[in-house]
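Summary of the model geometry
Listed below, chain by chain, are the residues.
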Amino acid sequence: MRLPRSLSGWTIAVFGVLAAALGVVGLVVPDALLTVMGFEPVPDGGRADGDHTLVFLTASSMAALNMGVYYVLAALADWKPFFRWTVPFRLLTCAVFTLAVVGGRAPAGFLGVGLWEGLGAVVTGLALRYEKGRAEPDAASPASPASPASPASPAA
């Protein structure tokens, strides 16, 4: 297995590893994940009938684990279209999670999840822009080895 080959690949890989790790934490120690996100865990036996918090947390944690693996695999393949697709959707996630806190649907600690998504989207977007700016001059360079004007090309 090789490491990501680009800066944007590294941003995606780091996010993927963190998402997968938090997914595992949510599956193994759900109360720890609730605490990290700013929710107060309910002690064993303290949940009311019909409280499906742990079911939702299990489903969300499994989704995070899967998503993390997808991100890592995309990073290892240096799949730039995937990197680009993540930026607007992670910004949307940031907005929705932030509005959940502002609207009182989630505790203030949940704001960190939204900011993590937003920061990751911005960093990935900036890395992609940086790489695009570096790639364009090289592709248009008239002194490439395949150019007939290159001194390294054989004489006809």
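Residues numbered from 1 in each chain as written. Predicted model: local features only at pLDDT ≥ 70, side-chain atom pairs only at ≥ 80, totals over all residues. Heavy atoms only, no water.

Before going further, it helps to spend a moment on the pattern of salt bridges. Across all of its chains, the model carries three salt bridges by this definition. Where Arg5 meets Asp78, a salt bridge forms, and the shortest distance between an N and an O atom there is 3.9 Å. On the criterion of sequence distance, the pair formed by Arg5 in the segment before α1 (7-28) and Asp78 in the loop between α3 (53-76) and α4 (80-102) is long-range, its members being 73 residues apart. Judged by relative accessible area, which is 48%, Arg5 ranks as partly exposed. (Salt bridge = Lys/Arg side-chain N within 4 Å of Asp/Glu carboxyl O. Helix = DSSP H or I, 4+ residues; strand = E, 2+ residues; numbered from the N terminus. Buried < 20%, exposed > 50% of the residue type's maximum accessible area, 1.4 Å probe, protein only.)

Relative to the assigned elements, Thr11 resides in helix α1. Classification of Thr11 as buried rests on a relative accessible area of 15%. Residues contacting Thr11, with those up to four places away along its chain left out, are Val123, Thr124 and Ala127. (Contact = heavy atoms within 4.5 Å.)

Per-residue confidence for the chain averages 86 on the pLDDT scale, and 86% of its residues sit at or above 70. Confidence scores differ between elements of the chain, with helix α5 (residues 111-139) showing the lowest mean pLDDT of 87 and α4 the highest of 96. (pLDDT = per-residue confidence, 0-100.)

This paragraph deals with the packing of α1 against α4. Close contact between α1 and α4 brings their axes to 10 Å; oriented N to C, the two are set at 60°. In this view, α1 runs oblique relative to α4, as classed from their interaxial angle. The crossing of α1 and α4 is left-handed. Between α1 and α4, the contacting residues are Ser8, Gly9, Ile12 and Phe15 on the first element and Lys80, Phe82, Phe83, Thr86 and Arg90 on the second. (Axes fitted to C-alpha atoms, helices over the stretch in contact; angles between N-to-C directions. Parallel < 35°, antiparallel > 145°, perpendicular 65-115°, else oblique. Left-handed = near helix turned anticlockwise from the far one by under 90°.)

We now examine the packing of aromatic side chains. According to the stated counting rule, one finds seven aromatic pairs in the structure shown. Summarising the aromatic geometry, the rings of Tyr71 and Phe82 are spaced 5.1 Å apart at their centres and angled 80° between planes, so their arrangement reads as edge-to-face. One end of the pair, Tyr71, is in helix α3; the other, Phe82, is in helix α4, and eleven residues separate them in sequence. Taken together through their ring pairs, the aromatic side chains of Phe15, Tyr71, Trp79, Phe82, Trp85 and Trp116 make up a single cluster. Arg90 extends its terminal NZ or CZ atom over the ring of Phe15, reaching a point 3.6 Å from the ring centre. (Phe/Tyr/Trp six-rings, centres within 6.5 Å; stacked < 30°, edge-to-face > 60°. Lys NZ or Arg CZ within 6 Å of the ring centre and 35° of its normal.)

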